[in-house]
Amino acid sequence: MSDEEHHFESKADAGASKTYPQQAGTIRKNGYIVIKNRPCKVVEVSTSKTGKHGHAKCHFVGIDIFNAKKLEDIVPSSHNCDVPHVNRVDYQLIDISEDGFVSLLTEDGNTKDDLRLPTDEALLKTIKDGFAEGKDLIVSVMSSMGEEQICAVKDIGPK
């Protein structure tokens, strides 16, 4: 044993993977799947019969959870697909800066200042109008595969 101290570089994600494998035949509507390296919510699944050469195929139609683009993929049902880890966290809105970033209050009382306002017009208007009226707003932030975005807002009454 030595008396010297050991210092390790700490990583925020503890080396966790951004996705996990799941058999294509077990993925259902309203689940999540990675299509073309984008995390998507599955809106339609159809399975074709086993053909002359073996595998039944699953046809997935998914909507990107961050930019709402429609993506499609066809995978043999016995093969594995990547499924993204999707987290949703609620934060209280503290401030909106001039450059389009929001300041949010986390559960432990710290602030989170690295998120932009959403690009969705209706959601953007709801957040800006509610904030201008002095309402207490709770925003839901969805995170997956290293990306984060505000996806919903709730009004919890006046300040």
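Residues numbered from 1 in each chain as written. Predicted model: local features only at pLDDT ≥ 70, side-chain atom pairs only at ≥ 80, totals over all residues. Heavy atoms only, no water.

- Looking at an unreviewed UniProt entry, the chain carries the name Eukaryotic translation initiation factor 5A, with the source organism given as Corchorus capsularis.
- Per its UniProt entry, the chain bears the Sequence similarities (unreviewed entry) comment "Belongs to the eIF-5A family." (UniProt positions renumbered as here; feature names shortened; annotations may be inferred.)

1. As for a negative patch on the surface
Move 1: A grouping of Asp-95, Glu-98, Asp-99 and Asp-113 is seen on the molecular surface, where their side chains present a negatively charged patch.
Move 2: Mapped onto the secondary structure, Asp-113 falls in strand 9 (residues 111-116).
Move 3: On the accessibility criterion, Asp-113 (44% relative accessible area) is partly exposed. (Patch = residues over 30% accessible without salt bridge, like charges linked within 9 Å, V, L, I, M, F, W, Y side chains within 5 Å. Areas by Shrake-Rupley, 256 points an atom, 1.4 Å probe, with all protein chains shown as cover. Salt bridge = Lys/Arg side-chain N within 4 Å of Asp/Glu carboxyl O. Lys, Arg positive; Asp, Glu negative; His and termini not counted. Charge placed at Lys NZ, Arg CZ, Asp CG, Glu CD. Helix = DSSP H or I, 4+ residues; strand = E, 2+ residues; numbered from the N terminus. Buried < 20%, exposed > 50% of the residue type's maximum accessible area, 1.4 Å probe, protein only.)

2. Brief notes about the environment of Val-89
Move 1: For Val-89, the position within the fold is in strand 7 (residues 86-96).
Move 2: Considered as a pair, Val-89 and Met-142 are 53 residues apart in the sequence and their alpha carbons are 6.6 Å apart.
Move 3: With residues near it in sequence (within four places) discarded, Val-89 still touches Val-139, Ser-140 and Val-141. (Contact = heavy atoms within 4.5 Å.)

3. Quick notes on the nonpolar core
Move 1: Counting residues in each nonpolar core, the largest one holds 14 residues, and the members touching the most others are Leu-93, Val-102, Leu-104, Ile-127, Val-139, Val-141 and Ile-150.
Move 2: The set of elements that each furnish at least two residues to this core consists of strand 7, strand 8 (101-105), helix 1 (121-132) and strand 10 (135-144).
Move 3: The residues contacting Leu-93, other than those within four sequence positions of it, are Val-102, Ser-103, Leu-104, Ile-127, Phe-131 and Leu-137. (Core = buried A, V, L, I, M, F, W, Y, C linked by side-chain atoms within 4.5 Å.)

4. Observations concerning helix 1
Move 1: Relative to the 16 Å expected for twelve residues at 1.5 Å per residue, helix 1 spans 16 Å between its end C-alpha atoms, a close match to the ideal helical length.
Move 2: Backbone geometry just downstream of helix 1 places Gly-134 in the positive-phi region, at approximately 80°. (Expected span 1.5 Å × (residues − 1).)

5. Quick notes on the sheet that holds strand 3 (residues 38-47)
Move 1: Strand order across the open sheet formed by four strands is 2-3-4-5, with antiparallel pairing between neighbours. On the outer flanks of this sheet lie strand 2 (32-35) and strand 5 (70-76), each paired with one strand and no other. Along the sheet, successive strands turn relative to each other by an average axial angle of 45°, direction set aside.
Move 2: Examined bridge by bridge, strand 4 (residues 57-64) and strand 5 share seven bridges and lie antiparallel to one another. For Lys-57, the partnering residue across the bridge sits in strand 5 and is Pro-76. (Pairing = 2+ DSSP bridges. Axes fitted to C-alpha atoms, helices over the stretch in contact; angles between N-to-C directions.)

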